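Next come the chains, spelled out residue by residue.
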Amino acid sequence: MRELQPLLDSILEDARKEAEEIRKKGREEAEALRAKYKAEAEQLRKNILEEARKKAAEEKARRRIQAEMDAGKELLETKNQLLGEFFSALKERLAGMKDDEYRGLLRKLILRAVETGTEELFLSPADRRWLGESFLAGVNQELKNQGKKGALVYGSEVSDLSGGFLLRRGKIVHNYSLENLIAAKKDELLPEIGKRLFGS
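Reading guide: rules and limits
- Residues numbered from 1 in each chain as written.
- Predicted model: local features only at pLDDT ≥ 70, side-chain atom pairs only at ≥ 80, totals over all residues.
- Heavy atoms only, no water.
- Helix = DSSP H or I, 4+ residues; strand = E, 2+ residues; numbered from the N terminus.
- Buried < 20%, exposed > 50% of the residue type's maximum accessible area, 1.4 Å probe, protein only.
- Contact = heavy atoms within 4.5 Å.
- Areas by Shrake-Rupley, 256 points an atom, 1.4 Å probe, with all protein chains shown as cover.
- Pairing = 2+ DSSP bridges.
- Axes fitted to C-alpha atoms, helices over the stretch in contact; angles between N-to-C directions.
- Salt bridge = Lys/Arg side-chain N within 4 Å of Asp/Glu carboxyl O.
- Core = buried A, V, L, I, M, F, W, Y, C linked by side-chain atoms within 4.5 Å.
- Expected span 1.5 Å × (residues − 1).
- Bend = angle between axes of the 7 residues up to and from the residue.

Engineer: For this particular structure, what's the right way to read the overall build of the protein chain?
Structural biologist: In terms of helices and strands, the protein chain carries four helices and four strands. Taken from N to C terminus, the helices and strands of the protein chain fall in the order α-α-β-α-β-β-β-α. Here the protein chain holds 200 residues, and 20% of them are scored as buried. Put simply, of all contacts in the protein chain between residues at least 6 apart along the chain, 71% involve residues at least 24 apart. About 14,900 Å² of surface is accessible on the protein chain, with carbon and sulfur atoms providing 55% of the total.

Engineer: What am I meant to see in the pairing of strand β3 (residues 164–169) here?
Structural biologist: For a regular strand, side-chain orientation follows a simple rule: the groups alternate between the two sheet faces. As judged from the three bridges shared by strand β1 (residues 120–122) and β3, these two strands associate in the antiparallel manner. Each bridged residue has a counterpart across the sheet, and for L121 the counterpart in β3 is L167. As paired elements, β3 and strand β4 (residues 172–177) share six bridges and run antiparallel to each other. In the sheet register, G164 faces β4, and the bridge partner there is S177.

Engineer: How should I be thinking about the side chain of S177 in this particular structure?
Structural biologist: By the element assignment, S177 lies in strand β4. A residue is classified by how much of its surface remains accessible, and S177, at 6% relative accessible area, is buried. Each residue touching S177, except ones within four places of it in the same chain, is listed here: L161, G163, G164 and F165.

Engineer: I tried to follow the sheet that holds β1 on my own but got confused; where do I start?
Structural biologist: Backbone hydrogen bonds are what pair the strands of a sheet, in a parallel or an antiparallel way. Pairing is mixed in the open sheet, where four strands are placed in the order β2-β1-β3-β4. Pairing within the sheet leaves two strands with one partner each, and these edge strands are β2 (153–154) and β4. Helix α2 (residues 99–113) contacts β1, β3 and β4 of the sheet and is inclined by roughly 20° relative to β3.

Engineer: Quick question: what am I supposed to make of the pattern of salt bridges here?
Structural biologist: Side-chain pairs of opposite charge can arise where the charged atoms are in close proximity. In this structure the tally under the stated criterion is twelve salt bridges. Residue R27 is joined to E20 by a salt bridge in which the shortest nitrogen-to-oxygen separation is 3.5 Å. When its relative accessible area of 33% is taken as the criterion, E20 is described as partly exposed. A single network of salt bridges, built from pairs that share partners, joins E20, R23 and R27.

Engineer: I tried to follow the nonpolar core on my own but got confused; where do I start?
Structural biologist: Side chains that are nonpolar tend, in soluble globular proteins, to be buried together. Within the largest apolar cluster, 19 residues are counted, with the highest numbers of intra-cluster contacts made by I110, L121, L152 and F165. At six residues, α2 tops the list of elements feeding residues into this core. When neighbours within four sequence positions are excluded, I110 is seen to be in contact with L121, F135, V139, L152 and F165.

Engineer: Teacher, can you tell me more about helix α3 (residues 125–145) here?
Structural biologist: Side chains of residues three or four places apart in an α-helix project in the same direction, reflecting 3.6 residues per turn. Its 21 residues place the ends of α3 28 Å apart at the C-alpha level, agreeing with the 30 Å of an ideal helix rising 1.5 Å per residue. At G132, α3 shows its maximal bend, which comes to roughly 80°. Those residues of α3 not exposed but buried are D127, L131, G132, F135, L136, V139, N140 and L143. Of the surrounding elements, those touching the buried residues of α3 are α2, β1, β2 and β3. G147 sits one or two residues past α3 and shows a positive phi near 90°.

Quick look at the structure:
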């Protein structure tokens, strides 16, 4: 039995060394796996944080853009409302002109609009009665002074005309009603009015 002891000791020592080697290798592999999983977990954490930051930035940008759009829309609505009120006030002021001012405005517009002096002039019933034949005679005299025929005549009354006039030459009718004059000037005047009202 004693003869076997060195052999047994040798086998046990080899087994112990092998076991120690296996344990060491296992610890190294476990450490490597732990380091690998820790690195992967850290990368995953960074990725999640980066994605969350990106989404938060995108949401913030989206909300800012939406707020700017809403503010722009509200500003545009306010500007349009103010411009509408301006043109309504302009129309009221034109409609409420004193007799001499209104007569002068009509004469000026008619003289500018007439091309030959043989056209037909259409007025509202109220304007036609108020201005009468003397107004037409005065306009015709001024047309003659300009070298035109001066044979302008009244056409039938236009009941839905609130102010201004219509002028017909042959089959062509030109609309110089106050509403139409304001509408025609609106596009031309909008930039200037906008600049004065809003400073832009």
